[in-house]
Structures are given as structure tokens and as C-alpha cells.
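Listed here are the chains, written in short residue letters.
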Amino acid sequence: MVKSYDVLVAGAGPAGAAAAMVLAGRGLSVALLDRAAHPRPKLCGGLLTAKTLEALARIFGLGEADLSARGGLFHSTPEYIFLHQGRELLRGAAAESFRFVSRPDFDALLVSCAVARGAEHLPGRAVAGCDAGTGLVRLEGGEQCRGRFVIGADGANSVTRRALGIDRVAWRRNLAAAIEVELPNGRGPGLFPRAVRTPELHVGGPSVPGAGYGWVFPGPNGPKVGICGLRREGRHGRDFGAIFLDFLRLLGVPEPEGVALRGHPLPYGNALAEPAQGRLLLAGDAGGFVEPLFGEGIFYALATGAHAASAALCGLRDGEAAAACEYGRLLARTVRPELLWSDRLRWCLFWAMRNIGSGPIRGFVKSAPAALAEMVHGRRSFRLLGRKEWEWGEGVGG
Ligand SMILES: Cc1cc2nc3c(=O)[nH]c(=O)nc-3n(C[C@H](O)[C@H](O)[C@H](O)COP(=O)(O)OP(=O)(O)OC[C@H]3O[C@@H](n4cnc5c(N)ncnc54)[C@H](O)[C@@H]3O)c2cc1C
């Protein structure tokens, strides 16, 4: 027998948990399924901006104290450092803090909130296919279930996305490769030679590919070092792993060849124009909703998960076309302008770095550090620095 739900949420990361949280407790049957059981590993820098804290409060009713107690929050600082080719460009402090969480604990907390609200959690269920027209979801092992609406929140390698028949070549063209490792502090081979309390952003230079950047973040067990870059840009045929090892050398990590590298794709300018079809709505990385300048994805996963849930509420009342229309409307008013304008800014900066040198980027980060921090934290829009007020849809707490 095929079990049926009002809404089936595939993938229990931040996007799926946010969607389930908005929908559960409204008299609806909501299933939140994931191939893994939480806490599960997730490759991520774990940086949360101020707008993410606001979204967590709004959607989940969670505050900083909850994150510290149960959500893996281990560090908070307003400080940041910008580096170009390993040389410090700017050291600053934003008006608000950047928070750092351990993703396994953070994601587990979000899922536990959705379950406490009434969502049925189904761990250990991997989606093998989805029919956008009927809402039928096929699981690995042969089981099937159905949703009057399905929210596809199964990450960058989404299986549910296949049901939309998207242009895979275009999707891959704008996909970044990302590598990240957490290195214990120490002096030996493969160890990170200094403690890191302030997040560092590295741009330019042979070690960090064009249209991409590197980072060194505080981590729960030692600094987290990562790079991401558009696969098609600036690699000059070089292996991405070799580029990463160069970055580790630049940072002073001795004999990095022995470090076990871990990679994951990052949507980097490929937000889908049509993320809804029939009974299926895609949210988070599955829909490509990641900010393409700094690669911030957690906030956009929460926001699009909540928006997809609001749209599903609309669709349960008024039909599939109404759901797609409401999702499109919410995205157009909130997420899309940020993604569009941060993408424009990115190409201006990368073009300038490649063709003019580091001058423009130096000028930009030095002349406008406060504005840059305000854009990242969500106080100002990437769209011409306008004041930013976020808008939420139906069912998202006030
Ligand atoms: C190296 C790296 C560093 C990053 N650092 C940051 C950062 O510091 N700050 C930030 O804001 N963003 C960061 N991001 C981006 C951020 O991690 C993602 O944008 C965010 O996790 C997206 O959330 P999501 O819920 O859409 O997907 P995910 O968090 O990927 O969750 C998807 C869920 O779906 C499940 N799933 C996958 N396939 C299936 C299937 N077939 N069936 C069932 N379940 C499935 C997975 O187990 C997972 O639980 C980083 C990304 C990378 C790669």
C-alpha cells in the first residue's frame, strides 16, 4: 500500500526542516524523510549570518541560547579578515556577529523541532525517483509514498530535481566544486600551524581559482579550510585537489599531501528559473538557491524551504497552479534579487581581478567594509545597497 501525506518533504537538511516546521501543526500530515539519520556528517563551514539567526527565530522559534545548548553553536565573532594571494587586505569588525555551528548538531536540532511540532520523521529512506504530476515518490528498496505536494529538499545532488527535466548542462556549468577539511592545530605534517578565532576570506592568486575563493574558519575541532570555484573557471586544466593542496601550502600547512580531502558540489549561480512543476516544489540546494558571491546557503535553504511550505499551503487550498504562482511570487520578492545582484557583483569583482589586478578588489573591500558586512548579514540588499526587509509567506511565525 502506498502511504499518503498532505506534504512529503524529501531531505531533512535546513531547507526540508524549515518546510516541515511551517507545515506541521496545521492539521496536515507531513512526512520528513532523509536517506541518513541525524546527526549525520555535512561538509560545511557552518557560518551563520545575522539574517539566518532571524530566520531561525521566525521559523523555529530558536534563539542563540538554544543554538548554544543544543544546536552546535561553538563560536561567535564580528571580526573578519580579507586576504589577497595570502596577503592581508583588510581586518575589520562587522556591526553584528558571525556565528559558527557544527552542522550535524545544528541540522539535528532543526529536525527535532519539526518533529516536536508534529512532522513524521522517516530517516534511512533514500528517494530513488519522483513523479511531479502525481506526487508519487519512489524510495530505494521499492517502497513508495505519495504527497499531495512534494517539497524536494534533497541537496545539491538532488534526485527529486530530475523530475523537472532541467537542462543538466546549464546546471553543471554553474556548479562549483568545493573542498573542505578540518585540521587539528599543531606543528607536524598536515596540521594547521596557528589557532583561528577570526574567519578569513582568501581571494585571487594561483591557489584559489578564478570565480571562487578560499576560507579559513574557526572549527569545533580545529580550523576549517576550504575552497570553492566554478568548475569551468580559472583552473587551467589543473586538478582541483592540487589547487587545494597549494592553498594549504600557502597557509603554512607542512606536507599537506597526506590530508584526506573531502568535496561536495555547491550551486554557485544556478538557481532554477522554474523550481515548481505540478505537485513538486524544489527548495535549498536542490533548487540551486545559494548566494553566488560568498556561497552562503543555509539562510537561503531556510528561506526557500519556508517559502515552498507557504506555497504548498496555498496549493492545498487552490491547486497546483496557485502553489507554483505563490512560490514564484515569494522568490521574486525576496531571494531572487539577492541572488541576481550578488552574482553581478561577483562577476564585476572577478573580472576586475583577472584583467586589472587586485586594485579594484582592494578598493572595494577597503572603501566599503561596513556596506559589505551589512549586505552579508542581510541588513542591506545586494541590489544597490537598498535597505532590506525580508518578507515571509503564510504559516511562518511572526
Ligand atoms: C564545503 C562547503 C562549505 C559551506 N559552508 C557554508 C557556510 O559556512 N555557511 C552557509 O550558509 N552555507 C555554506 N555552505 C552551503 C550549505 O551547506 C548548503 O547551501 C545548505 O546545506 C543547503 O541546505 P539544504 O537543506 O538545501 O541541503 P542539505 O543541507 O545538503 O540537506 C539535504 C538533505 O537531503 C538528504 N538527501 C540527499 N539525497 C537524498 C535522497 N536521495 N533521499 C533522501 N534524502 C536525501 C541528505 O542526507 C541531507 O540531509 C557550504 C557548502 C559547502 C559544500
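Since we're looking at a predicted model, the values are computed, not measured. (Residues numbered from 1 in each chain as written. Predicted model: local features only at pLDDT ≥ 70, side-chain atom pairs only at ≥ 80, totals over all residues. Heavy atoms only, no water.)

**Details of the sheet that holds strand β4 (residues 73-84)**
Pairing is mixed in the open sheet, where eight strands are placed in the order β3-β5-β4-β11-β12-β13-β10-β14. Each end of this open sheet is capped by a strand with a single partner; those strands are β3 (47-48) and β14 (263-267). Summarising the sheet, strand β12 (residues 212-217) and strand β13 (residues 224-230) pair through six bridges and their orientation is antiparallel. Looking at β13, one finds that Tyr 213 is bridged to Cys 228. Against the sheet, helix α11 (residues 369-377) contacts β4 and β5 (87-101), and its axis sits at roughly 30° relative to β5. (Pairing = 2+ DSSP bridges. Helix = DSSP H or I, 4+ residues; strand = E, 2+ residues; numbered from the N terminus. Contact = heavy atoms within 4.5 Å. Axes fitted to C-alpha atoms, helices over the stretch in contact; angles between N-to-C directions.)

**As for the domain arrangement of the chain**
Looking at the chain, the domain boundaries give domain 1 (3-74 + 101-169 + 272-377) and domain 2 (175-267). The C-alpha-based centres of domain 1 and domain 2 are spaced at 25 Å. Listed by partner, the interface residues are 22 residues for domain 1 and 22 residues for domain 2. Of the roughly 1900 Å² buried where domain 1 meets domain 2, counting both sides, 67% is carbon and sulfur surface. Of all residues in domain 1, the largest losses of buried area upon contact with domain 2 belong to Leu 43, Phe 74 and Phe 350, amounting jointly to 29% of the total for that side. Between the two partners, domain 1 and domain 2, sit zero salt bridges. In this assembly, domain 1 and domain 2 are joined by four residue pairs in polar contact (both at pLDDT 80 or more). (Domains from an automatic or database assignment. Buried area = accessible area lost by both parts, 1.4 Å probe. Salt bridge = Lys/Arg side-chain N within 4 Å of Asp/Glu carboxyl O. Polar contact = N/O pair within 3.5 Å; in protein donor to acceptor, adjacent residues only side chain to side chain.)

**Overview of a positive patch on the surface**
A contiguous patch of positive charge on the surface is contributed by Arg 162, Arg 168, Arg 172 and Arg 231. Note that Arg 172 resides in helix α5 (residues 168-173). (Patch = residues over 30% accessible without salt bridge, like charges linked within 9 Å, V, L, I, M, F, W, Y side chains within 5 Å. Areas by Shrake-Rupley, 256 points an atom, 1.4 Å probe, with all protein chains shown as cover. Lys, Arg positive; Asp, Glu negative; His and termini not counted. Charge placed at Lys NZ, Arg CZ, Asp CG, Glu CD.)

**Digging into the pattern of salt bridges**
For the coordinates displayed, the defined rule picks out 22 salt bridges. The partner of Arg 249 in a salt bridge is Glu 257, and the shortest N-O contact between them spans 2.8 Å. For Arg 249, a relative accessible area of 39% translates into the label partly exposed. Each of Glu 326, Arg 329, Arg 333 and Glu 391 takes part in salt bridges that share partners, so that together they form one network. (Buried < 20%, exposed > 50% of the residue type's maximum accessible area, 1.4 Å probe, protein only.)

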